[in-house]
Amino acid sequence: MPKAIAAMILIFTYILGASATIAQDTSDIDHLSMQEFVDKLLAEALSDEEATRYISDWNNNQKVQFLTLVAQRRGLSVPSQVADVALREGRSFATALSAATHIPATTYSEGTIHESYHVVSTVCDGDPNDSEILFVYNAVPNNLSGMRWFNPYISVRVIFSTLYNGRLLVTPVAAGTKTGMCIGDNGVNLAGGVDFIAAWQKLKP
């Protein structure tokens, strides 16, 4: 067999093998159980692409199952109740204050700022019987729709995607001199707790 043909066969065989390996790696995420997915997610052992693929077509029951398992891992009391309430909070945020805006995430940390302080609020979603955590940032809310939120943890991004479709509520506070980011208290607890979110949840003005 001529050397050129032999070389072509080797190259073709290599390409086929590499393609099969990539396909196998991509499809591995589909074979995870929900518990295995949660374990990998909370260990920060998944990429954005893998996580997005896994959760892309979840129905409400799957969301409840996922959040219940997360609540169990976080040691939260009555995990199924936490999951159910957190999802209802997420739905109520969709019809929140008229002055508020829902903003998507950014994958870039450049230009982002840490919160200045946070308080418990009962007005973020217009329901006085429900509590949220209001994270306040030193950013004048001149262009709320142009703002973005950032968190380096894939687990937080997936939990907020599940609860709020990845869009968090920002609103003018402090007489319009600062920007507040509203997140349901159950959502905050599922994502790691108030102190954890305060340390890592950033805003890009």
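The structure contained in this document is the topic of the report that follows.

Conventions we followed
- Residues numbered from 1 in each chain as written.
- Predicted model: local features only at pLDDT ≥ 70, side-chain atom pairs only at ≥ 80, totals over all residues.
- Heavy atoms only, no water.
- Helix = DSSP H or I, 4+ residues; strand = E, 2+ residues; numbered from the N terminus.
- Buried < 20%, exposed > 50% of the residue type's maximum accessible area, 1.4 Å probe, protein only.
- Contact = heavy atoms within 4.5 Å.
- Areas by Shrake-Rupley, 256 points an atom, 1.4 Å probe, with all protein chains shown as cover.
- Axes fitted to C-alpha atoms, helices over the stretch in contact; angles between N-to-C directions.
- Parallel < 35°, antiparallel > 145°, perpendicular 65-115°, else oblique.
- Nonpolar A, V, L, I, M, F, W, Y, C, P; charged D, E, K, R; others polar.
- Salt bridge = Lys/Arg side-chain N within 4 Å of Asp/Glu carboxyl O.
- Expected span 1.5 Å × (residues − 1).
- Polar contact = N/O pair within 3.5 Å; in protein donor to acceptor, adjacent residues only side chain to side chain.
- Phe/Tyr/Trp six-rings, centres within 6.5 Å; stacked < 30°, edge-to-face > 60°.

**Considerations on the overall build of the protein**
So, step 1. If you tally the helices and strands in the protein, you get 8 helices and 8 strands.
So, step 2. Per-residue burial for the protein yields a buried fraction of 41% across its 205 residues.
So, step 3. Taking the contacts inside the protein whose residues are at least 6 apart along the sequence as the reference set, 71% of them involve residues at least 24 apart.
So, step 4. Of the accessible surface of the protein, which amounts to about 10,700 Å², a share of 55% is contributed by carbon and sulfur atoms.

**As for the packing of helix 2 (residues 34-42) against helix 6 (residues 154-164)**
So, step 1. At a minimum axis separation of 8 Å, helix 2 and helix 6 run at an interaxial angle of 130°. Between helix 2 and helix 6, the interaxial angle falls into the category oblique. Residue-level contacts link F37, L41 and L42 of helix 2 to I154, S155 and V158 of helix 6.
So, step 2. Residues of the contact of helix 2 with helix 6, tallied by class, amount to 5 nonpolar, 1 polar and no charged.

**Some thoughts on the pattern of salt bridges**
So, step 1. The full count for this structure, using the stated rule, is 4 salt bridges.
So, step 2. Residues D30 and R53 are paired through a salt bridge, measuring 2.6 Å at the closest nitrogen-oxygen approach. In this pair, D30 sits in the loop between helix 1 (3-27) and helix 2 while R53 sits in helix 3 (residues 48-55), placing the two residues 23 residues apart along the sequence.
So, step 3. Residue classification places R53 among the partly exposed residues on the basis of a relative accessible area of 38%.

**Focus: the side chain of N151**
So, step 1. Within the element layout of this structure, N151 appears in the loop between strand 5 (148-150) and helix 6.
So, step 2. In this structure, N151 is in contact with V156, R157, I197, W200 and Q201, ignoring residues within four places of it in sequence.

**Focus: helix 4 (residues 60-74)**
So, step 1. With 15 residues, helix 4 should reach 21 Å at 1.5 Å per residue; the first-to-last C-alpha distance of 21 Å fits that figure.
So, step 2. Within helix 4, burial applies to F66, L67, T68, L69, V70 and A71.
So, step 3. In the core, the buried residues of helix 4 are packed alongside helix 2, helix 5 (79-93), helix 6 and helix 7 (185-191).
So, step 4. Sitting at the amino-terminal end of helix 4 is N59, which places a side-chain oxygen 3.1 Å from the backbone nitrogen of N61.

**Digging into the packing of aromatic side chains**
So, step 1. Scanning all chains against the criterion turns up 9 aromatic pairs.
So, step 2. Measuring from centroid to centroid gives 6.0 Å for F37 and F66, while their planes differ by 55°, and the two rings are tilted. Separated by 29 residues along the polypeptide, F37 in helix 2 and F66 in helix 4 bring together distant segments of the chain.
So, step 3. With relative accessibility at 0%, the residue F37 sits in the buried group.
So, step 4. Between W149 and F160, the ring centres sit 5.8 Å apart and the planes meet at 70°, which makes this aromatic pair edge-to-face. Within this pair, whereas W149 is found in strand 5, its partner F160 is found in helix 6, the two being separated by 11 residues in sequence. You'll find W149 and F160 in the same group, each marked buried.
So, step 5. Every member of this aromatic cluster is reached through a ring pair, and the members are F37, Y54, W58 and F66.

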